[in-house]
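Residue strings, one per chain:
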Amino acid sequence: MGKDRYSSRVAKRKDKKVNKIYNILISVVVLLIVVVGAVIFLGGNDEQTTSNDTPATSNTTESDDSGTNKGAETSEDEDGTATDSEDEQADTDESGDDASDSDKDTSLDKDSADSEDENKESEIIEETPSDSNVEKAYTDESWKPVGTEQTGEHVTQYEQGSVDWQEMEKALAYGAGISESDMKVYWLGNGGSPDTAVGTVSPSDDSATYRVQIQWIDGEGWKPTKVEKLKVNDKK
């Protein structure tokens, strides 16, 4: 009897332990199932979220690319416009240069024509020297009267500073080819008649000496008629 009771107790304890182990195992299995289900469920949501986000990113990228392309096209258009503008400016500059060159050519042609006219107008003719002190003598048919402020009957005046004297100096400078402001008058006197005079002049540096004969033209003033370049200034 005692042994049967002891065996029965032992058997009950073993059953309790086995049941406890089973319960633990079942709990572990259920927990694993819950964990695995949760992982699968949450993983599926993440994939779906990622899938939904991807097109948006793609669209944004495409939009950015489109904007970039538009910006590039705009930049190219601006560059093209700028290049066209620069080309037009270059053409305008070249046209301006051509016009300037044309104006210069026209000006040069005009100057050449004027120079040729002056050369044609100047008709220097050699004359016979009046004495041995003359290096060369000449006249120029293009010489004209220098003008006058005098009116009425002309009377030659050899008074220095008078209007007639000043006009005679002007004619002397004109014939000798010297500026009035740079001319020295060494002698001015009668040329052999009431309407003629003769003067000896030099530039201020005395680099040359000229004997100039002048003649009065009524209403027009004094006019050079003959110039002699002297070897030595005989009026110093």
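This one's a predicted model, so the numbers in the text were calculated from it and none came from an experiment. (Residues numbered from 1 in each chain as written. Predicted model: local features only at pLDDT ≥ 70, side-chain atom pairs only at ≥ 80, totals over all residues. Heavy atoms only, no water.)

Turning our eyes to something else, we now look at the overall build of the protein chain. Across its full length, the protein chain carries two helices and six strands. When the helices and strands of the protein chain are placed in sequence order, the string is α-β-β-α-β-β-β-β. In the protein chain, which comprises 236 residues, the proportion classed as buried is 19%. Of the contacts made within the protein chain by residues no fewer than 6 positions apart, 46% connect residues no fewer than 24 positions apart. (Helix = DSSP H or I, 4+ residues; strand = E, 2+ residues; numbered from the N terminus. Buried < 20%, exposed > 50% of the residue type's maximum accessible area, 1.4 Å probe, protein only. Contact = heavy atoms within 4.5 Å.)

A few words on a nonpolar patch on the surface. Taken together, the side chains of Val18, Ile21, Tyr22, Leu25, Ile26, Val30 and Val34 define a hydrophobic patch exposed on the protein surface, amounting to about 650 Å² of accessible area. Here Leu25 shows up in helix α1 (residues 2–121). (Patch = residues over 30% accessible without salt bridge, like charges linked within 9 Å, V, L, I, M, F, W, Y side chains within 5 Å. Areas by Shrake-Rupley, 256 points an atom, 1.4 Å probe, with all protein chains shown as cover. Salt bridge = Lys/Arg side-chain N within 4 Å of Asp/Glu carboxyl O.)

End to end, helix α2 (residues 163–176) covers 20 Å across 14 residues, agreeing with the expected 20 Å (1.5 Å per residue, within 8%). If you check which residues of α2 are buried, you get Asp164, Trp165, Glu167, Met168, Ala171, Leu172, Ala173, Gly175 and Ala176. Elements that come into contact with the buried residues of α2 comprise β2 (134–140), β3 (183–190), β4 (196–203), β5 (209–217) and β6 (221–230). Phi for Gly177, located one or two positions after α2, is positive at around 75 degrees. (Expected span 1.5 Å × (residues − 1).)

The next subject is the pattern of salt bridges. On inspection of all chains with the given rule, the structure shows six salt bridges. Between Arg211 and Asp131 there is a salt bridge, and its shortest N-O distance comes to 3.0 Å. Linking Arg211 in strand β5 with Asp131 in the loop between β1 (124–127) and β2, this pair joins segments that are 80 residues apart in sequence. A salt bridge links Asp206 to Lys184, with the shortest nitrogen-to-oxygen separation between them at 3.2 Å. Separated by 22 residues along the polypeptide, Asp206 in the loop between β4 and β5 and Lys184 in strand β3 bring together distant segments of the chain. Residue class for Lys184 comes out partly exposed when judged on its relative accessible area of 32%. Beyond isolated ion pairs, a larger network of salt bridges with shared partners links Asp131, Arg211, Lys226, Glu228 and Asp234.

Quick look at the nonpolar core now. The biggest cluster of nonpolar side chains holds 20 residues, and the ones touching the most others in it are Val201, Tyr210, Val212, Ile214 and Trp222. Broken down by element, this core gets its largest block of residues, six residues, from α2. (Core = buried A, V, L, I, M, F, W, Y, C linked by side-chain atoms within 4.5 Å.)

Pairing between β3 and β4: seven bridges, direction antiparallel. Paired with Lys184 across the strands is Ser202, a residue of β4. Once β3 ends, the chain turns through five residues before running back antiparallel as β4, passing Gly192 with a positive phi of about 110 degrees. (Pairing = 2+ DSSP bridges.)

In total, this model carries two aromatic pairs according to the counting rule given. With 5.7 Å between their ring centres and 70 degrees between their planes, Trp216 and Trp222 make a pair best called edge-to-face. The class of Trp216 is buried, set by a relative accessible area of 7%. You can call Trp222 buried: its relative accessible area is 0%. (Phe/Tyr/Trp six-rings, centres within 6.5 Å; stacked < 30°, edge-to-face > 60°.)

The element β6 is largely enclosed, with a buried count of seven among its ten residues. One ladder, built from four bridges, connects β2 with β6; its direction is antiparallel. Note on β6: the bridge partner recorded for Ala137 is Glu228. Here nine bridges tie β5 to β6, and the two strands are oriented antiparallel to one another. By the bridge assignment, Val212 is partnered in β6 with Val227. Between β5 and the antiparallel strand that follows it, β6, lie three residues; Gly219 among them carries a positive phi value of about 80 degrees.

Here we come to a negative patch on the surface. A surface patch of negative charge is lined by Glu153, Asp195, Asp218 and Glu220. Mapping Asp218 onto the fold places it in the loop between β5 and β6. When its relative accessible area of 64% is taken as the criterion, Asp218 is described as exposed. (Lys, Arg positive; Asp, Glu negative; His and termini not counted. Charge placed at Lys NZ, Arg CZ, Asp CG, Glu CD.)

Mapped onto the secondary structure, Asn133 falls in the loop between β1 and β2. Relative accessible area serves as the criterion here: at 16%, Asn133 is assigned to the buried category. When sequence neighbours within four positions are dropped, the list of residues in contact with Asn133 reads Lys229, Leu230, Lys231, Val232 and Asp234.

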